[in-house]
Amino acid sequence: MKPISKIQSRTVNFANTDIDTDQIIPARFLTTTTREGLGQHLFHDWRYLPDGSSNKDFILNKPDSAGCKILVAGRNFGCGSSREHAPWALQEFGIDAVISSEIADIFRSNSLKNGLLPIVVDEGTLDWLLEHPYTEVTIDVVRSTLTLADGTTVNYPIDNFARYCLVEGIDQLGFLQKRASEIEQFEESRPWTP
Amino acid sequence: MSTTQPKTLYEKVWSEHLVVNETDDAPAILYIDLHLIHEVTTPQAFSLLSERGLPVRRPDLTLATMDHSTPTTPVRTLKDLQIAGKGAAAQVLKMQENCRQFGIDLLDFDNEQRGIVHIIGPELGATQPGKTIVCGDSHTSTHGAFGALAFGIGTTEVAHVLATQCLLQRSARTLLIEFSGELQTGVTAKDVILATIGQIGVDGGIGHVIEYCGTVISAMDMEARMTICNMSIEAGARAGLIAPDDTTFDYLLGRPWSPQDTAWDEAVTRWRQLPTDEGAHFDKSVSVDGKALEPMVTFGTNPGMVVAINDPVPEDGDAAFRKAIEYMQITPGKPLSESRVDVVFIGSCTNSRISDLQQAARIFAGRKVAPGVRALVVPGSQQIKREAEALGLDKIFAEAGVEWRESGCSMCIGMNGDTVPSGKLSVSTSNRNFEGRQGKGARTILASPLTAAASAIEGRVADPRRYL
Ligand code: SF4
């Protein structure tokens, strides 16, 4: 994973609550054996009309949304399935961070493992962002802060380890492998075996 | 102090699996006793192992099956496999190749133990109290019915477990949900969990592990308990748990993966220590009156948008409510019993076990599916299929005009070619009524097998109690 210390971009707002992983990437696109090619199907059934053409009314298709790397969404973003295809699709599309007042557990964990930043803010901050579309925001990953164009800065909570992995570009599998001897010891010392 | 402090079931299982404790700066390293894998969420994990030249650390703790992308018609040739689509077929072939290459026993098409991953774990006795169980699938919460700590993970984590048999995890908060009293006739585990999600919300469990308890739960058999735990994720919870008891042990006795002989007695002694201690602390608790529950149906596009079967759909709500009503083409203020049904699906890891099929058969027996309705029963495993056929349920379904299939996820997720056509209304015993979940544009009402069968007979959303 590449180290990430700062994300700076305009925001794109998708105010719906409970946006589930079946909306982010519908199940029929999961019959793949690689990570690539999912970005074109991100939000597929909202993004395209039944005839396959682009749905001009969908927020990500608006000209102003082009190049926005930060998605601001309603409460409980990413609920539903454990498919890591959801963060893969968002990233391939060009989203680097998702901001909401609540982000589903498995989606959050999957995102962090891929360097997609899930940011939970209080309802007040979320409301402000939703009322101010396409606002310029700077995310300082090292300090865990979100700074708005007027200089207002809010802190967001993030697990210390997750932040360390993002900033240093740490590969968590490598981290686990380094503990091989402890894992072995654990297996040998268990009072029962599975 | 720590030895006398009362602990919850969750805390006991968690602490028994700590390879390395968590600190402010690092999550715990948690040992995994059982890793369930299927074809959809593993190919990229195996690729990661291949790229790094890593083996699978414990193939013996890995249970592999195929369920999501598999056809529910018999597969004898490659052409049969492609019924589900070229992508689906390629994914299934990749699963065979990966399991061969990494030395994992795969329950392949011709294996009589094959089925939906969350059905076969318990059925084989691989799911046991006190185990940690993970799978690249959110409904792994099902296995919590046995007092196992079981949760869904992403594909990167699947690679972590394949390579190290461990996961990096933070401990969760705890939520106790107690169901008092007893259920009325016609009210099932599915209705209980739908009502509960309606009460606490689809995000009510975020960050929490739920423990379900109370008289309603103790009276339930294992299949009903699995239905409850299965849908914990629909409340946003990390996992759902039920304390193991004699019902649990009776279910597991003699199954292929269960401990045998003296190991069985030792295991039961150990399992009896697992239930939450008197006075243990939960971060939150909720109570639900079992007597007051009725058959439930969803009206919207998430499992929390739910009403009792004869109650009117709410008149008004927020933007999400209005969007859901529009998608579902449902009239606010009216009960769903006015809605015409096109498809009835009885299956999925929520409700495809033998007791679910028996309940449906009880309603289908001697009756016919209403004209214009397509009804389909998909058993959760090949074992359940054989059991149902031995009981003659397949004949009851056939006489009623219901399709009887091979096991698999089928119309729960619509990845294998079994889909609900766009705009059609389906009553489904699965767990998600998200937009397009059963097929692009499909409109889904979640319900129990009893309600689904009654709806197939009447051709509209129907209260099953008049048939009981
Ligand atoms: S039956 Fe449905 S919910 Fe269960 S594992 Fe299959 S797709 Fe997932």
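Remember, predicted model here, so these are calculated numbers, not experimental data. (Residues numbered from 1 in each chain as written. Chains lettered and ligands numbered in written order. Predicted model: local features only at pLDDT ≥ 70, side-chain atom pairs only at ≥ 80, totals over all residues. Heavy atoms only, no water.)

Turning our eyes to something else, we now look at the overall build of chain A. Within chain A, the secondary structure is distributed over eight helices and seven strands. Principal axes of the C-alpha set define a box for chain A whose edges measure 60 × 45 × 25 Å. Looking at chain A as a whole, 55% of its 194 residues are labelled buried. Of the contacts formed within chain A by residues at least 6 apart in sequence, a portion of 65% connects residues at least 24 apart. Counting every atom, chain A has about 8,100 Å² of accessible surface; 49% of that belongs to carbon and sulfur. (Helix = DSSP H or I, 4+ residues; strand = E, 2+ residues; numbered from the N terminus. Buried < 20%, exposed > 50% of the residue type's maximum accessible area, 1.4 Å probe, protein only. Contact = heavy atoms within 4.5 Å. Areas by Shrake-Rupley, 256 points an atom, 1.4 Å probe, with all protein chains shown as cover.)

Right, let's get into the site of the ligand. Residues and elements named next belong to chain B. Neighbouring the ligand are His 68, His 118, Asp 137, His 139, Ser 348, Cys 349, Cys 409, Cys 412, Ile 413, Asn 431 and Arg 437. Considering only residue class, the shell around the ligand consists of four nonpolar, five polar and two charged. Mapping the shell around the ligand onto the domain boundaries places at least three of its residues in each of domain 1 (9-169) and domain 3 (295-467). (Near = heavy atom within 4 Å. Nonpolar A, V, L, I, M, F, W, Y, C, P; charged D, E, K, R; others polar. Domains from an automatic or database assignment.)

Turning our eyes to something else, we now look at the interface of chain A and chain B. Between chain A and chain B, the residue contacts involve 56 residues of the former and 63 residues of the latter. Buried surface at the junction of chain A and chain B, summed over both partners, amounts to about 4,900 Å²; 57% is from carbon and sulfur atoms. Broken down residue by residue, the surface that chain A buries against chain B is led by A:Leu173, A:Leu176 and A:Trp192, which jointly contribute 13%. The tally of links from chain A across to chain B stands at nine salt bridges. In this structure, A:Asp22 and B:Arg437 form a salt bridge, with 3.2 Å as the shortest nitrogen-oxygen distance. At the junction of chain A and chain B, the tally comes to 25 residue pairs in polar contact (both at pLDDT 80 or more). When contributions to the side of chain A that touches chain B are tallied by element, the ones reaching two or more residues are helix 1 (21-24), helix 2 (44-47), helix 3 (85-93), helix 4 (105-114), helix 6 (160-168), helix 7 (172-177) and helix 8 (180-189) of chain A. Counting residues per element, the side of chain A that touches chain B draws most heavily on helix 4 of chain A, at seven residues. Counted by class, the side of chain A that touches chain B contains 16 nonpolar, 20 polar and 20 charged residues. (Buried area = accessible area lost by both parts, 1.4 Å probe. Salt bridge = Lys/Arg side-chain N within 4 Å of Asp/Glu carboxyl O. Polar contact = N/O pair within 3.5 Å; in protein donor to acceptor, adjacent residues only side chain to side chain.)

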